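# Per-entry structural report
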Amino acid sequence: MRIDIITVLPELLQSPFQHSIMKRAVDKGLLEVNCINLRDYADGPHQQVDDYQFGGGAGMVMMVEPIFACINHLKSQRTYDEVIYLTPDGPRYDQKTANFLSMQQNLILLCGHYKGVDERVREHLITREISIGDYVLSGGELAAAVLVDSIGRLLPGVLNDETSALFDSFQDNLLAPPVYTRPASFNGWEVPEILLSGHTAKIEDWRHEKALEKTQKRRPDLLDEN
Ligand code: ADE
């Protein structure tokens, strides 16, 4: 999968994909992340990408021309499945959307800044808008990194144990059950005996029960979606 990220701050996106699971995905050639500096598509000596908003009001707005030029240039090289704008007023991101996006080939992520982008970008160039939560970030870059990470780890061959993403929290609308490792006893704090029993079927039942219990307690709204 290829993900092209359009940003005014490409430096901010250098590190997130150079470690751990994302690095493995990139090294294995399963994921290609390409950061494009929007200023490279802006005219004039200052390579301006934002301007005052019509009608007055505080805050700058990202201009349509450089975004149009950038997206057009990318589209001349390949076909994109989605052109996604990261914005706090978009539909909220969830595991279902991550699963869907992980099945695509080519994505463009557009990171907003300031007051956001000229509405005509959203009307004519964007196919999907995403918010990663009900809070406002200073720009879309960290949100883009969240998307790439959550999508990248779902690509077949990225995780060591291919089935493990299936048991993540939110797959099946359940939070993940508790996990333990050695030592079995620490400080008088014991690992549940069932996990030491070697009884695979019973362990699975226990995990499902704990997952249900946790979901009921913390996120009952997820159970309504089943
Ligand atoms: N840009 C600023 N805040 C954001 C959010 N919550 N989600 C996605 N993009 C954003």
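Use the structure listed above.
Cut-offs used in this document
Residues numbered from 1 in each chain as written. Predicted model: local features only at pLDDT ≥ 70, side-chain atom pairs only at ≥ 80, totals over all residues. Heavy atoms only, no water. Near = heavy atom within 4 Å. Polar contact = N/O pair within 3.5 Å; in protein donor to acceptor, adjacent residues only side chain to side chain. Areas by Shrake-Rupley, 256 points an atom, 1.4 Å probe, with all protein chains shown as cover. Nonpolar A, V, L, I, M, F, W, Y, C, P; charged D, E, K, R; others polar. Helix = DSSP H or I, 4+ residues; strand = E, 2+ residues; numbered from the N terminus. Buried < 20%, exposed > 50% of the residue type's maximum accessible area, 1.4 Å probe, protein only.

### Remarks on the site of the ligand
- Surveying the vicinity of the ligand reveals the residues Leu86, Thr87, Pro88, Ile130, Ser131, Ile132, Gly133, Tyr135, Val136, Leu137, Gly139 and Ala143.
- Here Tyr135 contributes a backbone N or O atom positioned 2.8 Å from a nitrogen atom of the ligand.
- Within the complex, 97% of the 260 Å² of free accessible area of the ligand lies under protein.
- When its residues are assigned to classes, the shell around the ligand shows eight nonpolar, four polar and no charged.

### Some words on unusual backbone geometry
- Between Arg182 and Pro183 the backbone carries a cis peptide bond, its omega angle lying at 0°.
- Here Pro183 is to be found in the loop between helix H5 (141-152) and strand S8 (185-186).
- Residue Ser20 is not a glycine yet carries a positive backbone phi of 55°.
- Note that Ser20 resides in helix H1 (residues 20-27).
- Classification of Ser20 by relative accessible area gives exposed; the value is 56%.
- With a phi close to 70°, Asp172 is a non-glycine residue in the positive phi region.
- Examined against the element boundaries, Asp172 turns out to sit in the loop between H5 and S8.
- With relative accessibility at 63%, the residue Asp172 sits in the exposed group.

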